[in-house]
Amino acid sequence: MRLALANLLHDRTRLAVTVAGIAFSTFLMLFQGSLLLGFLRASSRVIESVDADLWIASHGANSFDFATPVPANTRWMARGVEGVATVNQIVTGLGFWQRPDGSRQTVSVVGADRETGGDYPIGPATVMLREAAWIDSSDESNLSVTIPTPGLEISGHRVRVQKTINDFSTFLGTPYVFMALSDARRCLGAAKEQSMFLAIRVTPGHDAGRVRQALQQRLPETDVWTASEFAFRAKRYWTLQTGAGAALVTAGLLGFVVGVLVVSQTVYATTMEHIEEFATLKALGASSSQVAAMVVVQAIAGTVCGLVLGIIAAYPSMHAARPLIAWIYTPWQLTAGIAASALVMAGLASIAAARAALSVEPGRVLDPKSPRLNSSH
């Protein structure tokens, strides 16, 4: 291993070029992957924040952001199904946020029962003031909000921002505004019992699948989904049925493919440039396993250096991009997956190069007619 690292550091210019190529590929994969995962996460963020086993929605509801009201009696009929523990109402719709200077901004108003639970911003213990609204901190500037800010309205109804929250930004350009259920209905002009969604908790000991079937039979004019199914439905809709989602998926896949190909090609090309050195080692009596180990160690060492530099460059860049792209999301699993993929590709490329190195005849280094040797003098 010592000889492999010494050989790698011998030509520092070549090493720098190799590491820079791998670092750029890592940066590209991380940034594109974070955009795609952030988009997917934001598309179902509200759904996944609610503590619910089942969701009842109007027919054809593809996501949380676009829905029509369910029939008025749906809530009471759902309560009568065996295995249903709680039924929480959720309303959402577009409203016009009026800033203190009189300008307007379209917002997504969301209201839910206080017992909704989970990571939903407004929970049972939340102290809600009348006409209060909660917004994501990334939308403060866009909505011209300071706490407290007088003169705010939604569709002609007075509101005041009580608190800012984190992790609920949206890519739609219509910021979420969370309110008490009654205030949300008032701002949306919805009827007293109107709901767009019903979040169902199943009684412990009952099978959620069977409760879902019973609800669907009793409420054939609605769609009943498990929470995971509804979240997946929203992600699929935004990624496959909208131009923005398709563009991000394409960019993310291309970024990953290009990244791993650059890593493998860089490692392979760098290893092949040392082919004469491996021939020299064989001429000096090195075994095939020793030569192969040297090739792999050099490839992995160079790849690790590139990965570290790429990650170090990517994280501050993504942090700097958050004021413009608040929903960008980089879980540690993404970084680990990209690092593992790069190392696997580097290992495969080094094995392919090692096969070429092992096929070199030891006598090649002594052949004065060898073009590679002549060019090195």
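Keep in mind that what you see is a predicted model, and the values were worked out from it rather than measured.

The number of helices and strands found in the protein chain is 12 helices and nine strands. Per-residue burial over the protein chain gives 48% buried out of 377 residues. Taking contacts inside the protein chain between residues at least 6 apart in sequence as the whole, the part at least 24 apart equals 80%. Only carbon and sulfur atoms are counted for the fraction: they give 61% of the accessible area of the protein chain, which is about 18000 Å².

Here the protein chain shows a mean pLDDT of 83. Residues at 70 or above account for 84%. Here residues 372-377 scores under 50 on pLDDT; set against residues more than four positions off or in separate chains, the count is 12 contacts.

Before going further, it helps to examine the environment of G205. Along the chain, G205 turns up in the loop between β8 (197-202) and α6 (208-218). Taking the C-alpha atoms as reference points, G205 and G83, 122 residues apart in sequence, are found 8.4 Å from one another.

Among the surface-exposed residues, V296, V344, L348 and I351 lie close enough to one another that they form a single nonpolar patch of about 330 Å² accessible area. A total of three residues in the nonpolar patch trace back to one element, the largest contributor, which is helix α11 (residues 332-358). Secondary-structure assignment places L348 in helix α11.

What follows covers the pattern of salt bridges. Scanning the entire structure with this criterion turns up nine salt bridges. A salt bridge links D167 to R45, with the shortest nitrogen-to-oxygen separation between them at 3.4 Å. Note that D167 is positioned in the loop between β6 (157-165) and β7 (176-180) and R45 in helix α3 (residues 45-49), a separation of 122 residues in sequence. For R45, a relative accessible area of 12% gives the class buried. When salt bridges with common partners are traced through the structure, they connect R41, R45 and D167 into a single cluster.

Now for the side chain of D223. Among the secondary structure elements, D223 is positioned in strand β9 (residues 222-226). Buried charged residue D223 carries no salt bridge. Nearest counter-charge: R233, at 4.8 Å. For D223, the side chain forms a polar contact with the side chain of H59, separated by 2.9 Å. Excluding residues that lie within four positions of it along the chain, D223 makes contacts with W55, I56, A57, S58, H59, G60, A61 and Q216.

Here we come to the nonpolar core. Within the largest apolar cluster, 45 residues are counted, with the highest numbers of intra-cluster contacts made by W55, F64, W97, F178, M179 and F197. The element contributing the most residues to this core is β7, with five residues. With near-sequence residues (within four places) excluded, F197 lies in contact with W55, I56, A57, A61, S63, F64, A67, N88, Q89, I90, T92 and F230. Listed in part, the 17 residues of the second largest apolar core include V260, W327, I328 and L334.

Here the focus is the environment of M179. Along the polypeptide, M179 turns up in strand β7. Of the residues examined, M179 reaches a relative accessible area of 0% and is grouped as buried. As for M179 and M128, which are separated by 51 residues in sequence, their C-alpha atoms are 8.4 Å apart. Ignoring anything within four residues of it in the chain, the contact list for M179 reads V109, V110, G111, A112, I122, M128, A132, A133, I154, V159, A184 and C187.

Moving on, we come to unusual backbone geometry. Excluding glycine, most residues fall at negative phi; most peptide bonds, likewise, are trans. Here E131, not a glycine, exhibits a phi torsion of approximately 65°, which is positive. Structurally, E131 can be placed in the loop between β3 (104-112) and β4 (132-136). Unusually for a residue other than glycine, D167 sits at a positive phi of about 75°. Take D167: its relative accessible area is 36%, and that puts it in the partly exposed class.

Take helix α5 (residues 181-188) next. Those residues of α5 not exposed but buried are L181, D183, A184, R185 and C187. The secondary structure elements touched by the buried residues of α5 are β2 (84-98), β3, β4, β5 (152-154), β6 and β7. Phi for G189, located one or two positions after α5, is positive at around 70°.

About the thresholds
Residues numbered from 1 in each chain as written. Predicted model: local features only at pLDDT ≥ 70, side-chain atom pairs only at ≥ 80, totals over all residues. Heavy atoms only, no water. Helix = DSSP H or I, 4+ residues; strand = E, 2+ residues; numbered from the N terminus. Buried < 20%, exposed > 50% of the residue type's maximum accessible area, 1.4 Å probe, protein only. Contact = heavy atoms within 4.5 Å. Areas by Shrake-Rupley, 256 points an atom, 1.4 Å probe, with all protein chains shown as cover. pLDDT = per-residue confidence, 0-100. Patch = residues over 30% accessible without salt bridge, like charges linked within 9 Å, V, L, I, M, F, W, Y side chains within 5 Å. Salt bridge = Lys/Arg side-chain N within 4 Å of Asp/Glu carboxyl O. Lys, Arg positive; Asp, Glu negative; His and termini not counted. Polar contact = N/O pair within 3.5 Å; in protein donor to acceptor, adjacent residues only side chain to side chain. Core = buried A, V, L, I, M, F, W, Y, C linked by side-chain atoms within 4.5 Å.

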